[in-house]
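# Residue-level structure breakdown
Next come the chains, spelled out residue by residue.
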Amino acid sequence: MKKIGLFICHCGSNIAGTIDIPEVKKFFSEYDDIEISDDYKYMCSEPGQKKLRDAIVERGLNGVVVACCSPRMHEITFRNAAVSAGLNPYKVEIANIREQCSWVHQKEKDKATKKSIDIIKTMIEKVKRDEALQPIEFDITKRALVIGGGIAGITAAVDIANAGYEVVLVEKRHSIGGKMLELSETFPTLDCAQCTLTPKTVEAGRHPKIKLMVYSEVEEVKGYIGNFDVKIRRKASYVDWNKCTGCGLCQEKCPSKTESEFDHGLGERKAIYTLSPQAVPNKPIIDKNSCRFFREGKCRVCEKVCPVQAINYEMKDEVIEEKVGAIVVATGYEILETEKIPEYGYGMYKDVIDGLQFERLNSASGPTAGEIRRPSDGKVPKEVVFIKCVGSRDPEKGIPYCSRICCMYLGKHARLYKHKVPDGQAYLFYMDIRSFGKGYEEFIQQSMEEANLLYIRGRVARIMQEGDKLVVWGVDTLSGRKVEIKADMVVLGTAVVPSKGATELAKVLRTATDEYGFFNEAHIKLKPVESMTGGIYLAGCAQAPKDIPDTVAQAGAAAAKVLSLFGQEKMVQEPLIACVDTDLCSGCGVCVTACPFDARMLDVDEKISIVNEALCQGCGACVSACPNKACQLRNASPKTYMAMVDKYL
Amino acid sequence: MKISEINKHTGQDILLCYQCQKCTATCPVSNFMDIKPDVVVRMSINGKLDNLMRSRTIWVCTGCETCGSRCPNLISVGKINEFMRQLAYENKISPAVKPALDIHLAFLNSIKRFGIVHEASMLAEFKLRTKDFLSDLKLGLKMFLKGKIPIKPHTIKGINEIKRIFEEK
Amino acid sequence: MKKITYYPGCTLHSTAYEYGDSTEAVLKYLGIEWQEIPDWNCCGAASAKSLNHKLSILLPARNIKNASTLNNDIYVPCAGCYNNMMKAKRALENAEERQNIEKSLGKFESIPEVYPLMRLFTDKAILEKLSQSKLKTDVKVASYYGCAFVRPEEVLQNENPEIPQSIDNILNAVGLETVEWPLKSFCCGGDLSLADSSVVSVLVEKIINYAKEAGANAIVTACPLCQANLEMRQKEPFPIFYFTEILGIAMGIDNEKWWKKHLVDPRDLVSKIKGGK
Ligand SMILES: Cc1cc2nc3c(=O)[nH]c(=O)nc-3n(C[C@H](O)[C@H](O)[C@H](O)COP(=O)(O)OP(=O)(O)OC[C@H]3O[C@@H](n4cnc5c(N)ncnc54)[C@H](O)[C@@H]3O)c2cc1C
Ligand code: SF4
Ligand code: SF4
Ligand code: SF4
Ligand code: SF4
């Protein structure tokens, strides 16, 4: 015999203001299978929940319908209340009479009351058929994968490893450190980037719990929160790093030179090279595209000079499999290809450079050993123009958002320039000065005072080469006058965009990126480090442009999320997943291809399809694909739904 | 006039303007304008169309569209100026740069008569309208002597269709 | 053999005779067949759009309609005409606007493609053909595109509006070196030339100074309005060519008549381009 309790919530006047609650209550008091029909001002409040608990115990209810707001709000509240009174939580259903009724029909009270009765009727049919289900439990692989070895990835990896869990840290380049490795000095304190970064890279490199996999990329990810199977491709470096001592002899003797990516085209590197003098690990790779041996079949100089025979031209890519329980994505950013703003002549005029190039010019390990010399002729520039918002806040040619860091780093650049060229003049074209962080406004103010920076509000129209000068056509919006500056060098504060391959990686991870390619957080305010996919967390510029302080904070938060997952004994999962009616299943396998989570496979002996309970997310893709109606979601079978619809009609 | 109407006629959204003044910095002739391009946008937003219709700016604008191609928000001030010129003409507002209107009228009259432009009679009408016979006299003579300006006009066959188009407009 | 529909516009039979004649000579040489749009009319130039929007669409739309009977792509030498015709084409591509146009002009069977004349020569096969005629000279020129080929966005085809390349590619193919300079698509003020020459002189001076600064001995354009304006409003004699004239020289089919039409006599430079010192 069914004994169902109905509890109708007023939600203050949200529901009661439109729906005639006494009428509804009366209607159901004489209704089949209803043991009790009750109402309360706020069902979600403690007294409301008590009503529900007491009725379960006193009346021996075996099903509950709460007519209230959306199940997204309080389904969990009432299910927990039922559990504490001894009723299986999956025998509690919500009839949504607020979002789907009272709020949308405020002007038609009678109709709304009728509709609420219909909604409740259908949910009673559902509860009548609901089975008592048990949550599914499974083990967690307590190892983490961190993708991207910038300051974000390093921070997250070290934090997790320090808590005692193993971490696999995968980095695309052959050393960790990310963009911070390329920076010279950092705002707001102007301390040396290397000096703050290297203790971290060294710690990550030496940590017994961190497995560093550089020059590697994640190729395939299967599984779900708690249990991922990952395939990682380690690219052939042509140098056996176990033998290599990092002596650098090969780099010294290699005859092939090419443009250095690390110096953003301002300097050169050899075909066999390490990223930077402070690189971790400090081991070289051979770049096939520039190596004479790979291109022309002759050379082998590095092989000859290497004292420990570490060179191996036959080396092949390796694919390594790892099992992890959580993933942190920290793939960072890139800067916009400035060729997209052709009026600024980037790529055409040598002395128009971007922010990262300026960092290299100012860096002691850079192509000019830290002297500010312009690329075209090596002269010290006496008039330098810095342009903000290049490509940022430019929906037409660039991207509409604010890149958040360029206001600060261009202010920093101008100030560093003045430190090195005291008789030089720095002009900064700006739209707004966004100095939002702690100590940032003070930093900018101090720069203006100390370095005599000339801030001009306006966007630059065009940059043109005139002899050895760059003519900058701009405007000073505050006086409404056009300005023309004959500069020696121009630095563009170029927009921050997602790292190359971010969208492809997101597909591999089965998580989402936003319209620009940054990884999407689950909720912009309340879940800023969780991705849209369980067990995958976000850190640093992979999620959105940010400075180092914010990057480090988010990386710490991502690590904390991983640790709170690893702190659980077992993973608990909702049992509302797919199941198979073995009498109907023909073993055709359509569901196997339909499932986006790889949760379905065929049992070859029995010729039926089975469900991997740990992987199934209850999305229902197989249910709609199955031609035999054999796939069903628990407590949501076609029979149940037909009964609900019947009642409604 | 509502902003939405200006937007419709010019095919853009002028409310997106955030006053970076790249247009003014860009415009090759903004030095010769009484109302600078960015202010044209502001005044259109604020409904100061009368000032715009009476301005030098709308007649000095060459319609080069550089503003539109560089504006981060794809706003072409040239298109606003063009629209204001049309409105000013429709409303018979006397133009701040009279020869600019004169040359257009002489030009269009030539098309209306022949279907194509006949430079000699077009220039004659222009000179009559401006009553300025001296400027560019030498230049005109030189062009004439080089045979660049044909004497005899040619009329297209479909001239009646052209006349109808002019009447319909 | 390639066939095209050709819209010379008013100027190519009058003030820009040398552009028209050199174009026809070059087309003949390359074996490209052309037909003028039957009974074409003036597109309204800068004047129609200045005073009446509808007129500025209907005039070029009539040309498109007449051209559609020929079933070939339309090539337009003048930047102003090209710009107006493209805007009419864009209007025809919009269902509502097309209806309005058809109310006045009757039904359109088809809408042909519209290209600037220079696009014809950047075709790979034709570029190859061009490169069989090589100039041997150390004369350098600055290619100049002006506004109307590259702006606004709705008329732009296959070109970077800040650094256009078509004319450069064409001239380089016949062995003439072009300088890279920043004012390739800077406005020369052509539309204002008669109404306010003081403004225009400033622009023209800027353009010519920059071309000289970049090391050019002449400017090469593709637009009769720019060409006339640059010749009329300059201070010291600086030759302004049409790109088809240069092609004519390279092919050895140039005509003394062309040079006589120029307001700035280019003959000294022509002989240098032909290989004299
Ligand atoms: C010119 C300039 C100056 C700056 N100056 C300052 C400053 O003074 N102070 C400050 O606070 N901030 C500054 N910043 C910002 C700072 O660079 C960033 O906040 C910081 O680098 C973000 O770190 P991250 O780890 O998120 O990203 P990144 O530093 O970009 O690191 C990401 C790492 O992931 C790797 N990666 C990418 N894709 C993959 C993949 N698919 N698989 C494996 N690995 C991958 C990359 O190789 C890289 O090593 C500056 C930025 C610029 C452009
Ligand atoms: S083989 Fe020669 S070119 Fe290649 S990395 Fe070694 S030394 Fe350099
Ligand atoms: S941080 Fe400053 S310079 Fe960068 S996009 Fe934002 S406002 Fe522009
Ligand atoms: S360039 Fe565009 S956004 Fe900037 S002031 Fe001009 S119209 Fe406004
Ligand atoms: S279209 Fe007019 S306002 Fe715009 S840049 Fe050209 S001349 Fe200036």
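### Some thoughts on the pairing of strand β18 (residues 326-329) of chain A
All names here are of chain A. Across the two faces of β18 the burial is the same, with Ala326 and Val328 and Ile327 and Val329 all buried. As paired elements, strand β6 (residues 143-147) and β18 share four bridges and run parallel to each other. Bridged to isoleucine 147 within β18 is valine 329.

### Some thoughts on the interface of chain B and chain C
The interface is formed by 51 residues belonging to chain B together with 48 residues belonging to chain C. In total, chain B and chain C occlude about 4600 Å² of area from one another, counting both sides; carbon and sulfur atoms represent 63% of this. Summed over the three residues of chain B that lose the most area to chain C, namely Lys146, Lys148 and Ile165 of chain B, the buried surface amounts to 14% of that side. Inspection of the chain B/chain C interface yields five salt bridges. Of the charged contacts in the structure, one is a salt bridge between aspartate 196 of chain C and arginine 56 of chain B, with a shortest N-O distance of 3.2 Å. If you look at where chain B meets chain C, you find 22 residue pairs in polar contact (both at pLDDT 80 or more). Broken down by secondary-structure element, the contributors of at least two residues to the side of chain B that touches chain C are α5 (57-60), α6 (66-70), α7 (77-90), α8 (98-114), α9 (119-130), α10 (137-145) and α11 (159-168) of chain B. The biggest single contributor to the side of chain B that touches chain C is α8 of chain B, with nine residues. Partitioned by chemical class, the residues of the side of chain B that touches chain C number 27 nonpolar, eight polar and 16 charged.

### Brief notes about the confidence of the model for chain B
All names here are of chain B. With 100% of its residues at a pLDDT of 70 or more, chain B has an overall mean of 92. The spread of mean pLDDT over the elements of chain B runs between α10, the lowest at 78, and α7, the highest at 97. Quick note on the complex model: pTM equals 0.83, ipTM equals 0.93.

### Observations regarding the domain arrangement of chain A
Residues and elements named next belong to chain A. According to the domain assignment, chain A contains domain 1 (4-129), domain 2 (143-235 + 317-332 + 499-566), domain 3 (249-305), domain 4 (334-497) and domain 5 (573-633). Once you take the C-alpha centre of each, domain 2 and domain 4 turn out to be 30 Å apart. At the interface, 19 residues of domain 2 touch 26 residues of domain 4. For the pair domain 2 and domain 4, the summed buried surface comes to about 2000 Å²; carbon and sulfur atoms form 62% of the total. It is Phe187, Leu190 and Pro545 that lose the most area in domain 2 upon contact with domain 4, and together they represent 28% of the buried surface on that side. Summed over the shared surface of domain 2 and domain 4, the number is two salt bridges. Here arginine 404 and aspartate 550 are joined by a salt bridge, their closest N and O atoms 3.2 Å apart. Applying the counting rule to domain 2 against domain 4 returns nine residue pairs in polar contact (both at pLDDT 80 or more). Of all the secondary structure elements, the ones that give two or more residues to the side of domain 2 that touches domain 4 are β8 (185-186) and α15 (548-566).

### Focus on the site of ligand 5
Every residue close to ligand 5 is listed here: Cys27, Pro28, Val29, Met33, Cys61, Thr62, Gly63, Cys64, Glu65, Cys67, Gly78 and Asn81 of chain B. The residue makeup of the shell around ligand 5, split by class, is seven nonpolar, four polar and one charged.

### Some details on the sheet that holds strand β6 (residues 177-178) of chain C
Residues and elements named next belong to chain C. On the basis of which strands lie adjacent, the open sheet formed by four strands has the order β6-β5-β7-β8 and parallel pairing. At either margin of the open sheet sits one strand with a lone partner, and together these are β6 and β8 (240-242). Bridge count for strand β7 (residues 218-221) against β8 is three bridges, and the pairing is parallel. The residue of β8 that forms the bridge with threonine 221 is tyrosine 242.

### Here we look at the pattern of salt bridges
Residue and element names in this part refer to chain A. Here the structure, examined in full by the defined rule, presents 77 salt bridges over all chains. Its salt-bridge partner being arginine 634, residue glutamate 613 comes within 3.0 Å of it at the nearest N-O pair. Taken together, the residues span a long stretch of sequence, with glutamate 613 in the loop between β35 (608-611) and α17 (621-625) and arginine 634 in the loop between β36 (631-633) and α18 (638-648) at a distance of 21 residues. Connected via shared salt-bridge partners are Glu75, Arg79, Glu93, Lys126 and Asp130.

### Some words on the site of ligand 3
All names here are of chain A. Surrounding ligand 3, one finds Lys388, Cys389, Ser392, Arg393, Cys402, Ser403, Arg404, Ile405, Cys406, Cys407 and Arg434. At the level of secondary structure, the elements contributing two or more residues to the shell around ligand 3 comprise β21 (383-390) and α12 (406-420). Taken together, the residues that form the shell around ligand 3 break down as five nonpolar, two polar and four charged.

### Quick notes on the domain arrangement of chain B
Considered domain by domain, chain B is made up of domain 1 (3-90) and domain 2 (100-168). Inter-centroid distance (C-alpha atoms) of domain 1 of chain B to domain 2 of chain B is 29 Å.

### Notes on the interface of chain C and chain A
Contact with chain C, which involves ten residues of that partner, is made by eleven residues of chain A. Taken together, both faces of the contact between chain C and chain A bury some 890 Å²; the carbon and sulfur share is 62%. Among the residues chain C hides against chain A, the three largest losses belong to Glu162, Pro182 and Tyr210 of chain C. Together they make up 54% of the total. Summed over the shared surface of chain C and chain A, the number is one salt bridge. Between arginine 462 of chain A and glutamate 162 of chain C there is a salt bridge whose closest N-O contact spans 3.4 Å. If you look at where chain C meets chain A, you find three residue pairs in polar contact (both at pLDDT 80 or more). Class assignment of the residues belonging to the side of chain C that touches chain A gives a composition of five nonpolar, one polar and four charged.

### Topic: the side chain of aspartate 102 of chain B
Positionally, aspartate 102 of chain B belongs in helix α8. Residues contacting aspartate 102 of chain B, with those up to four places away along its chain left out, are Phe126, Arg129 and Thr130 of chain B.

### Topic: helix α3 (residues 71-84) of chain A
All names here are of chain A. Taking 1.5 Å of rise per residue, 14 residues should cover 20 Å, and α3 covers 19 Å from first to last C-alpha, within 8% of that figure. Within the sequence span of α3, burial applies to Thr77, Phe78, Arg79, Ala81 and Ala82. As for α3, its buried residues are in contact with α2 (46-59), β3 (63-68) and β4 (92-96). Where α3 begins, one side-chain oxygen reaches toward the backbone nitrogen of arginine 72, 3.0 Å away; that side chain belongs to serine 70.

### Thoughts on the state of the cysteines
Residue and element names in this part refer to chain A. The final tally for this structure, using the stated rule, is one disulfide over all chains. A sulfur-sulfur distance of 2.5 Å marks the disulfide that ties cysteine 192 to cysteine 195. Looking along the S-S bond of the cysteine 192-cysteine 195 disulfide, the torsion reads about 85°, which is the right-handed sense. Overall, the relative accessible area of 27% leaves cysteine 192 in the partly exposed class. Note on cysteine 44: no disulfide assigned, nearest cysteine sulfur contributed by cysteine 9 at a separation of 5.9 Å. Exposure remark for cysteine 44: the relative accessible area of 31% places this residue in the partly exposed category. Of all cysteine sulfurs, the one in cysteine 631 lies closest to cysteine 622, which takes part in no disulfide; the gap is 4.2 Å. Cysteine 622 gets classed as buried once you look at its relative accessible area, which sits at 7%.

Rules behind the numbers
Residues numbered from 1 in each chain as written. Chains lettered and ligands numbered in written order. Predicted model: local features only at pLDDT ≥ 70, side-chain atom pairs only at ≥ 80, totals over all residues. Heavy atoms only, no water. Buried < 20%, exposed > 50% of the residue type's maximum accessible area, 1.4 Å probe, protein only. Helix = DSSP H or I, 4+ residues; strand = E, 2+ residues; numbered from the N terminus. Pairing = 2+ DSSP bridges. Contact = heavy atoms within 4.5 Å. Buried area = accessible area lost by both parts, 1.4 Å probe. Salt bridge = Lys/Arg side-chain N within 4 Å of Asp/Glu carboxyl O. Polar contact = N/O pair within 3.5 Å; in protein donor to acceptor, adjacent residues only side chain to side chain. Nonpolar A, V, L, I, M, F, W, Y, C, P; charged D, E, K, R; others polar. pLDDT = per-residue confidence, 0-100. Domains from an automatic or database assignment. Near = heavy atom within 4 Å. Expected span 1.5 Å × (residues − 1). Disulfide = S-S within 2.5 Å.

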